[in-house]
Amino acid sequence: MGSVGLLNGKVGLITGAGSGIGRGCAELFAHEGAAGVLVCDTDEPGAQETARRIEAAGGTATAVAADVSRASDVQALVDVVVGAYGRLDFAVNNAGISHRNGPLHELEEDDFDRVIAVNLKGVWLCLKYEIRQMLQNGGGAIVCTASRAALRGAPVAAGYSASKHGVIGLVRSAALGYLEDGIRVNCICPGVVNTPLVRGLDPARIELLERQQPGGRLAEPAEMAEAAAWLCSERASFVTGVALPVDYGWTAGS
Ligand code: NAD
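None of the values given here were measured: they were computed from a predicted structure. (Residues numbered from 1 in each chain as written. Predicted model: local features only at pLDDT ≥ 70, side-chain atom pairs only at ≥ 80, totals over all residues. Heavy atoms only, no water.)

1. Considerations on the pairing of strand β3 (residues 61-65)
Then, in step 1: Of the strand pairs in this sheet, strand β2 (residues 36-41) and β3 are connected by five bridges, and their pairing is parallel. The residue bridging C40 from the neighbouring strand is V64, located in β3.
Then, in step 2: A crossover links β2 with its parallel partner β3, the connecting element being helix α2 (residues 44-56), and its sense is right-handed. (Pairing = 2+ DSSP bridges. Helix = DSSP H or I, 4+ residues; strand = E, 2+ residues; numbered from the N terminus. Right-handed = clockwise from strand over helix to strand, strands pointing away.)

Next comes the structure, spelled out in structure tokens:
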């Protein structure tokens, strides 16, 4: 019996795929047989590097520069996938940013607005245009990247936590709204993952995060990608509206 990848023949897009978890997803989705992966990021060289890695491993990928907080970019992104691959089977709405950590009363308005624009409005825009296309396809599967901060408060990252709580609201609403259309919508809630977003933090804070993490280590992007790939695959055919912690028990202890 030949081996069948989780995503054999599927085509779709991954946002924030020029780095970290998104890159991990793009590489794993291609490895699992995806016939085309559109790699989206504001960081064009990062997106190109991810696409290059996929092509070097024998997969098919296209890099596109797009800002998920801009409706015109997101609409164009979906048009590019459909132009390149003919349809949209999966989407991973993963692009996200953090803001300067600190108590809520010291959070700057600009920082709050930007984190909401990218992490929350960006996910809504992606869902909007992806679902429009999936309705034409006759179905599809979407995974959004929320966070463990979507499931608990984060006193030093209130804007970030609020944006990620909002992602769960969008995911549950979209899941229920398209039950009859064969479109499944889920999210993963990563624990702390070893990516540039985290490596940019103060070393003392990284050490604290490691110490607080059950298992005593940060997750790797590929461990998030495994969950996203399964949720996007037909093997998760009865799973929708779920916020799946991928945190080695962190939220279980809360
Ligand atoms: P990362 O910084 O390595 O990657 C995020 C990518 O998103 C970057 O390449 C960045 O250029 C891109 N991006 C930022 N704004 C964008 C925009 N407006 N449009 C398109 N692309 C944009 O970070 P990561 O850790 O891989 O984070 C990926 C997702 O996972 C984010 O949504 C983040 O909030 C979430 N997350 C990360 C962790 C963690 O510990 N690293 C934990 C929980 C959730």
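2. Considering the pattern of salt bridges
Then, in step 1: According to the stated counting rule, one finds 10 salt bridges in the structure shown.
Then, in step 2: The partner of D89 in a salt bridge is R87, with the nearest N and O atoms 3.1 Å apart.
Then, in step 3: Judged by relative accessible area, which is 14%, D89 ranks as buried.
Then, in step 4: The partly exposed category is assigned to R87, whose relative accessible area is 35%. (Salt bridge = Lys/Arg side-chain N within 4 Å of Asp/Glu carboxyl O. Buried < 20%, exposed > 50% of the residue type's maximum accessible area, 1.4 Å probe, protein only.)

3. Comments concerning unusual backbone geometry
Then, in step 1: A positive phi angle, near 50°, is found at Y248, a position not held by glycine.
Then, in step 2: Looking at Y248, the relative accessible area reads 66%, which means it is exposed.

4. Digging into the site of the ligand
Then, in step 1: Inspection of the region around the ligand gives 29 residues, with S19, D41, Y160, V193 and T195 positioned closest.
Then, in step 2: Between D67 and the ligand, the recorded distance is 2.8 Å, taken from a side-chain N or O atom to a nitrogen atom.
Then, in step 3: A total of 830 Å² of accessible area belongs to the ligand in isolation, and the protein chains cover 92% of it.
Then, in step 4: Residue assignment for the shell around the ligand shows that the elements contributing at least two residues are α1 (20-31), α4 (109-137), α5 (158-177) and α6 (196-199).
Then, in step 5: Among the elements that take part in the shell around the ligand, α6 stands out by supplying three residues, more than any other. (Near = heavy atom within 4 Å. Polar contact = N/O pair within 3.5 Å; in protein donor to acceptor, adjacent residues only side chain to side chain. Areas by Shrake-Rupley, 256 points an atom, 1.4 Å probe, with all protein chains shown as cover.)

5. Notes on α1
Then, in step 1: Relative to the 16 Å expected for 12 residues at 1.5 Å per residue, α1 spans 17 Å between its end C-alpha atoms, a close match to the ideal helical length.
Then, in step 2: Three or more residues of α1 are buried, namely G20, I21, G22, R23, G24, C25, A26, L28, F29 and A30.
Then, in step 3: Just beyond α1, the residue with positive phi is G33, at close to 100°. (Expected span 1.5 Å × (residues − 1).)

6. Some remarks on the nonpolar core
Then, in step 1: Formed by 36 residues in total, the largest nonpolar core has its most connected members in L13, L38, I142, C144 and V185.
Then, in step 2: Going through the elements one at a time, β1 (11-15), β2, α3 (71-85), α4, β5 (140-145), α5 and β6 (183-190) are the ones with two or more residues in this core.
Then, in step 3: Looking at this core element by element, the count peaks at eight residues for α4.
Then, in step 4: Excluding residues within four positions of it along the chain, C144 makes contact with N93, V123, L127, V167, V171, N186, C187 and I188.
Then, in step 5: If you look at the next biggest cluster of nonpolar residues, it comprises 33 residues, including L6, A61, A219 and A227. (Core = buried A, V, L, I, M, F, W, Y, C linked by side-chain atoms within 4.5 Å. Contact = heavy atoms within 4.5 Å.)

7. Comments concerning the sheet that holds strand β7 (residues 243-246)
Then, in step 1: The sheet built from seven strands is open, its strands ordered β3-β2-β1-β4-β5-β6-β7 with parallel pairing. Edge positions in the sheet fall to β3 and β7, since each of these pairs with one other strand and no more. Mean inter-strand twist for the sheet, computed between neighbouring axes without regard to direction, equals 20°.
Then, in step 2: Relative to strand β4 (residues 90-93), β1 runs parallel, the two being bridged by three bridges. If you follow G12 over to β4, its bridge partner there is F90.
Then, in step 3: Along the sheet, α2 makes contact with β2 and β3, crossing β3 at roughly 180°. (Axes fitted to C-alpha atoms, helices over the stretch in contact; angles between N-to-C directions.)

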